[in-house]
Amino acid sequence: MGDRCLRGLLSVPAAVLFCLLAAPAAGWAAEPTAPPYCRSARLDGARVGTSVVLEHDNRTYTKIVTRLTLDVPQSWPLSRDLLLSENSDRYATAMACLTRTGGREQRRWSEWRAAHPEVTWKGDHVRVVYRAHAWANEYHSDIDVGLWRLRVGARYWTVRLMVPPALARARWERISVDPGTPGAEWARPSPTGGTGATALIWQPKGTAAKGDAAASKGRDGAAKGDAAASEGRDGAAKGDAAASEGRDGAAKGDAAASEGREGAAKGDAASKGRAAVVEPRPVPAVVVGIKPAWQRSWSAQNGRLSALGLDFLGRLLWACLVSALLLVAARRYLRRPGTATADQSRTLANLRRWAGAAVGVYALVCADLLIEQGFTHFAAWPGFGDQLFIEYGLALFAVLVLFEVAGWSRWWALGACMALNPVVAISAVRLSHRLLGMGGALSAQIALSFCFVAVTLLAFTAALWRIAADGRLLPESRRFPGRDRMLRPGVAGPAVLAATTVIGVCYALAERRDWLRASWLSDATVHAYGPDRLEDYAWQAMWAVSFLQELVIGNQAWLLTAVAVLAALRAWRLPGSPTPLADPGDRLLFLTFFAVTVGLSGGTHLADALPTGLWIPLNMLALYGTTALLARRSVLAQPFVLSGRPLATVAGPRARTRLLRKSRAYREIHAELRRLDQGLFGDEPPQRDALERRLEKLHDWPANVPPAGHDRLPAKISVVDAALALGPRDDWWGNGRRGALFALIPGLPAAVLGAWAWGIRGEAWQDTLSDMAGMPALVFDFLYWMVTWAAAGFVLGALWRALPGRRGAVKAIPVTAAFAVPAGLDALVGWFLDESTSNFPLQLSMMLLVLTVTGIMLDFDTFGGERRYWQSRMGLLLSVYQMRYYSLQVAYVIAQIIAMITIWQFFTEPDVVPAQGGTPPDAGGG
């Protein structure tokens, strides 16, 4: 069963995805087209206005926003074609005449539109409003958007107006360029005005036929300054020259008609409604030079070889730092006295194996752009075959490294069979191109690429399962009790195949959307259109391996680190340790776990990941600092009255059982005192003195050392406080597991909100739909937030006994502060670099809310054994919190929810920038 599933893994994606990708080529055949030429002579009366704005603030990349407004006269033969559907070829022909300089074959990969142009019938003309935007993220490349072309240089940028030939004689009423802060360095020609602080305006002046500018009274429809010709007129009257007797025509002007002008009124009436005869109005060749702030200039150069090298170095340093921490922790464990158990040996071996493999995996996944840019810098842009070898070769070695971590012989056999895959892939593609043509080559390309994706998912799942199973983090097998649950190929194969198919469908739909976006004005009837589209599919199918490996491995490999750390902590924890910070080995791994899974992955600024590694020690120091500084204020750190020893010295399982029993009596006595104060008692009211003496005895604590027979709890610490400080389980590992489980409940809506804010809200949805891995990435984002909240709950539970505060809501504050300090520093760096920091309040408010609810649920679970004695959970919670605390907790949680909704509604914004590296060569033209 398992072998058949694995063989099916290599064949089914080929058929499914080829049908998905090849079918649109025929389904989207264009309609019969109108004549390909634009009758520009009939556009002389069109009125044109365009603007471009460069938005630098709160963005990693400068956003270029343009607007084009056209009033097209009805006399233009193609004006009514603008009212047709956007899928109509006649519509595309008319729109290309108005917005393109290079004809219909020009494709724009850098231009983005939130919607199609607005077309409105205005009676005597058709109004077209064309909005588009782009990002300045391509170094030394022409970025075309609307009628503008931006050229990004190392120090200076230029913005140039690209006038379509059909609009060269139109009436250009207003041209506006807003370069943003700090403004333009120079502009040609000189602007005629400006607006705001930095915007420049050009208002070309049309030159009419020589004569008077004003129209006389009674001329309703005549254009100002035009010379009207009457029937039988031999010539137009110029200037103020008087018309001679008998002449039928008259010159148009403000001067009073002299006596003897016969037929002037007839001449004016005859000129009414006729097309004006005007001289050409030259459009200014607007060019604006900009020297942007160094932050935006640096971000725009992220495609340079040096920038890619720094980014690659930053990612590699992050992996090296985490691996070094794991190896140091493993060395500390080996120094412990005694013989390691089988579980400890397995988890330690997995920890060391993954520490070495992580560096290689990150290097292989992130090196493709650097290698390709290196070829371009030192030789030439690598061709399709060269890139095929690079992409498949790196993907192959990354898969083999994961199989080595998984350590399964059958998966090793599969990896060995794929060792020649790059050579086989290139040979198969070329051979199929010769035998079956472009379609056959594309079929082979898609099959091989998504087989790589399927094997990548399988290798990642196998490695993750192996580490978790060796650490006893998975439930035992149902079929074989007492044995580890195994990952069976008969289950893993179909699951991976289904996931690959879903990812392939999403990828195909995104590729189709991207092609239509770039080529929406192209002529689909020309011979080159079909081959160009197939070539685009081939490039995107090849890049699918890199894109999806970056999504699965590059963005999710931290899960392997987290699971390896948890497995080692479970196996190597000291039984009597109150928190994981007490032992050097546990402390290092626990702090690394917090930095990798909970701490904000900051450091990626100006499109460069070089400082990313700095956030690992910052998160570790933040958690250790907040815990160490506040540890003396925890309940268990308070001393006994007589002996002076801290309460933590007697915080064992027996002490927890005794405290739970005393806590129940303590709450019952207080309930009787409340009823006594309110007059709610029977025939024989209880004696207050007797109740108070019983409370006094509850504070006595049996001493473990002579000569004292009993010790006393501190006056400010009740037995309920001490029981809540111990948590729901007998050790920090059990408390951490309960915290992780409880954090999933408030974490589910928080994860939905996080995925919505970062991937759906506002213009982020368009980016998600257009990104090749956008929809799968949205699912991975949701899973990322769920793991983050679960990991935060684990950290809260594991540190429960060392955190200050008597109730769970207060204990959540130090952990939230440990998250907020590095995140706030990252926001401060973003503010200095003029990048968006508005998502920081939302992240902080979500973390505080999730941990607050988790802390309350841990308090409830501490007394969960009494649940059968209460009619509802609410009644037990009211008893634990003694009413007064409960009302405060409810008000606190409601305030947090209101604050989070306010922050999300008014302050957050998604960081929307299209993924780079996915623009195929435009062989079709333009």
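Given the structure is predicted, the values throughout are model-derived calculations rather than measurements.

Asks: Please provide a residue-by-residue account of the overall build of the chain, values included.
Replies: The secondary structure content of the chain amounts to 26 helices and 14 strands. Once local pairs closer than 6 in sequence are excluded, the contacts in the chain between residues at least 24 apart make up 75%.

Asks: Provide a residue-level description of the packing of aromatic side chains, including the pertinent values.
Replies: Under the criterion given, the structure shown has 17 aromatic pairs. Between the aromatic rings of tyrosine 392 and phenylalanine 452, the centroid separation amounts to 5.1 Å while the plane-to-plane angle is 55 degrees, which identifies the pairing as tilted. Here tyrosine 392 is found in helix α9 (residues 384–406), whereas its partner phenylalanine 452 is found in helix α11 (residues 421–470), with 60 residues between them in sequence. Here tyrosine 392 and phenylalanine 452 have matching classes, each one buried. Where tryptophan 558 meets tyrosine 784, the ring centres are 5.7 Å apart and the plane angle is 85 degrees; that geometry is what we call edge-to-face. Here tryptophan 558, found in helix α14 (residues 558–572), pairs with tyrosine 784, found in helix α22 (residues 774–798); they are 226 residues apart in sequence, far enough to count as distant. One aromatic cluster in this structure is built from Trp558, Trp758, Tyr784, Trp785 and Trp789. A cation sits over an aromatic face here: arginine 113 above tryptophan 520, 4.1 Å from the ring centre. The cationic tip of arginine 667 hangs over the ring face of phenylalanine 863; the distance from NZ or CZ to the ring centre is 4.8 Å.

Asks: Tell me about the sheet that holds strand β6 (residues 148–152), and name the residues and values.
Replies: Strand order in this open sheet of five strands is β5-β6-β7-β12-β9, and the pairing throughout is antiparallel. Of all the strands in the sheet, the pair left with one neighbour each is β5 (142–145) and β9 (184–188). Averaged over all pairs of adjacent strands, the angle between their axes in this sheet comes to 20 degrees, without regard to strand direction.

Asks: Tell me about the side chain of threonine 456, and please be specific about residues and values.
Replies: Take threonine 456: it is sitting in helix α11. Its relative accessible area of 2% is what places threonine 456 among the buried residues. Not counting residues within four places of it along the chain, the set of residues in contact with threonine 456 comprises Val399, Gln549, Val552 and Ile553.

Asks: Account for the packing of α9 against helix α13 (residues 529–554), with residues named and values stated.
Replies: The contact between α9 and α13 brings their axes to 10 Å, and the two run at 30 degrees. Between α9 and α13, the crossing angle belongs to the class labelled roughly parallel. Along this stretch, α9 crosses α13, giving a crossing that reads as left-handed. Facing Phe384, Gln387, Leu388, Glu391, Tyr392, Ala395, Ala398, Val399 and Leu402 of α9, the residues of α13 in contact are Ala538, Trp539, Met542, Trp543, Val545, Ser546, Gln549 and Ile553. The residue inventory of the contact of α9 with α13, partitioned by class, reads 13 nonpolar, three polar and one charged.

Asks: Tell me about the packing of helix α12 (residues 489–518) against α13, and name the residues and values.
Replies: Where α12 contacts α13, the axes come no closer than 11 Å and their chain directions differ by 135 degrees. The pairing of α12 with α13 is recorded here as oblique in orientation. Remark: the crossing between α12 and α13 carries right-handed chirality. Together, Ile503, Tyr507, Glu511, Arg512, Asp514, Trp515 and Leu516 of α12 and Tyr529, Asp532, Arg533, Asp536, Tyr537, Gln540, Trp543, Ala544, Phe547 and Leu548 of α13 make up the contact between the two elements. Each residue belonging to the contact of α12 with α13 can be placed in one class, and the counts come to ten nonpolar, one polar and six charged.

Asks: Describe the side chain of arginine 100, with residues and values.
Replies: Structurally, arginine 100 is set in the loop between α3 (89–99) and β3 (118–121). The contact partners of arginine 100, leaving out residues within four places of it in the chain, are Gln106, Arg108, Glu111, Tyr130, Pro164, Pro165, Trp520 and Leu521.

Asks: How would you summarise unusual backbone geometry if you had to cite specific residues and measurements?
Replies: The omega angle of the peptide bond from threonine 181 to proline 182 is 10 degrees, so this bond is cis rather than trans. Relative to the elements of secondary structure, proline 182 occurs in the loop between β8 (171–178) and β9. In this model, arginine 188 is joined to proline 189 through a cis peptide bond whose omega is -15 degrees. If you trace the backbone, proline 189 turns up in the loop between β9 and β10 (193–195). Located in the positive-phi region is asparagine 58, a residue other than glycine, with phi close to 60 degrees. As for its placement among the helices and strands, asparagine 58 is situated in the loop between β1 (47–55) and β2 (63–73). Relative accessible area serves as the criterion here: at 42%, asparagine 58 is assigned to the partly exposed category. The backbone of histidine 140 shows a phi angle near 55 degrees, a positive value even though the residue is not glycine. Counting through the fold element by element, histidine 140 comes out in the loop between β4 (125–135) and β5. Looking at histidine 140, the relative accessible area reads 45%, which means it is partly exposed.

Asks: Go over the pattern of salt bridges, please, and point to the residues and values.
Replies: A complete count under the given rule lists 33 salt bridges for this structure. The closest approach of N and O atoms between aspartate 81 and arginine 90, which form a salt bridge, is 2.8 Å. With a relative accessible area of 5%, aspartate 81 lands in the buried category. When the shortest N-O distance is used, the salt bridge between glutamate 111 and arginine 113 registers 3.6 Å. Glutamate 111 sits in the buried class, given a relative accessible area of 1%. The class of arginine 113 is buried, set by a relative accessible area of 15%.

Asks: Please give an account of the pairing of β6 that cites residues and values.
Replies: The alternating pattern of β6 places Trp148, Leu150 and Val152 on a buried face and Arg149 and Arg151 on a face that is not buried. As judged from the four bridges shared by β5 and β6, these two strands associate in the antiparallel manner. Paired with aspartate 142 across the bridge in β6 is arginine 151. Between β5 and β6, which pair antiparallel and follow one another directly, the connecting turn spans two residues, one of which, glycine 146, has a positive phi of 65 degrees.

Asks: Residue-level account of the sheet that holds β1, with values.
Replies: The strand order across the open sheet built from seven strands is β3-β4-β2-β1-β8-β11-β10, with neighbouring strands paired in mixed fashion. The open sheet has two free edges, formed respectively by β3 and β10, since each of these has just one partner strand. Across the sheet, the axes of successive neighbouring strands diverge by a mean angle of 15 degrees, strand direction being ignored. Running over the sheet, α3 touches β2, β3 and β4 and is turned about 110 degrees from β2.

Asks: So what's going on with a nonpolar patch on the surface? Residues and values would help.
Replies: Together, Trp294, Trp298, Leu310, Leu313, Leu317, Leu610, Leu614, Leu618, Leu825, Leu828, Trp831 and Phe832 line one region of the surface with nonpolar side chains, adding up to about 1200 Å² of accessible area. When residues of the nonpolar patch are traced back to their parent elements, those giving at least two are α5 (294–300), α6 (305–334) and α23 (808–832). Among the elements that take part in the nonpolar patch, α23 stands out by supplying four residues, more than any other. Within the secondary structure, tryptophan 831 is located in helix α23.

Asks: Lay out the environment of glycine 393 in plain terms, naming residues and giving numbers.
Replies: For glycine 393, the position within the fold is in helix α9. Glycine 393 sits in the buried class, given a relative accessible area of 10%.

Asks: Tell me about helix α18 (residues 688–698), residues and numbers included.
Replies: Of all the positions in α18, only Leu691, Leu695 and Leu698 are classed as buried. For α18, the arc enclosing every buried residue in end-on projection is 55 degrees, short of the 170-degree limit, so these residues lie on one face. Structural note: α18 exposes Arg693 and Lys697 on the side pointing more than 90 degrees away from its buried face.

Definitions and cut-offs
Residues numbered from 1 in each chain as written. Predicted model: local features only at pLDDT ≥ 70, side-chain atom pairs only at ≥ 80, totals over all residues. Heavy atoms only, no water. Helix = DSSP H or I, 4+ residues; strand = E, 2+ residues; numbered from the N terminus. Contact = heavy atoms within 4.5 Å. Phe/Tyr/Trp six-rings, centres within 6.5 Å; stacked < 30°, edge-to-face > 60°. Buried < 20%, exposed > 50% of the residue type's maximum accessible area, 1.4 Å probe, protein only. Lys NZ or Arg CZ within 6 Å of the ring centre and 35° of its normal. Pairing = 2+ DSSP bridges. Axes fitted to C-alpha atoms, helices over the stretch in contact; angles between N-to-C directions. Parallel < 35°, antiparallel > 145°, perpendicular 65-115°, else oblique. Left-handed = near helix turned anticlockwise from the far one by under 90°. Nonpolar A, V, L, I, M, F, W, Y, C, P; charged D, E, K, R; others polar. Salt bridge = Lys/Arg side-chain N within 4 Å of Asp/Glu carboxyl O. Patch = residues over 30% accessible without salt bridge, like charges linked within 9 Å, V, L, I, M, F, W, Y side chains within 5 Å. Areas by Shrake-Rupley, 256 points an atom, 1.4 Å probe, with all protein chains shown as cover. Arc of directions from axis to C-beta.

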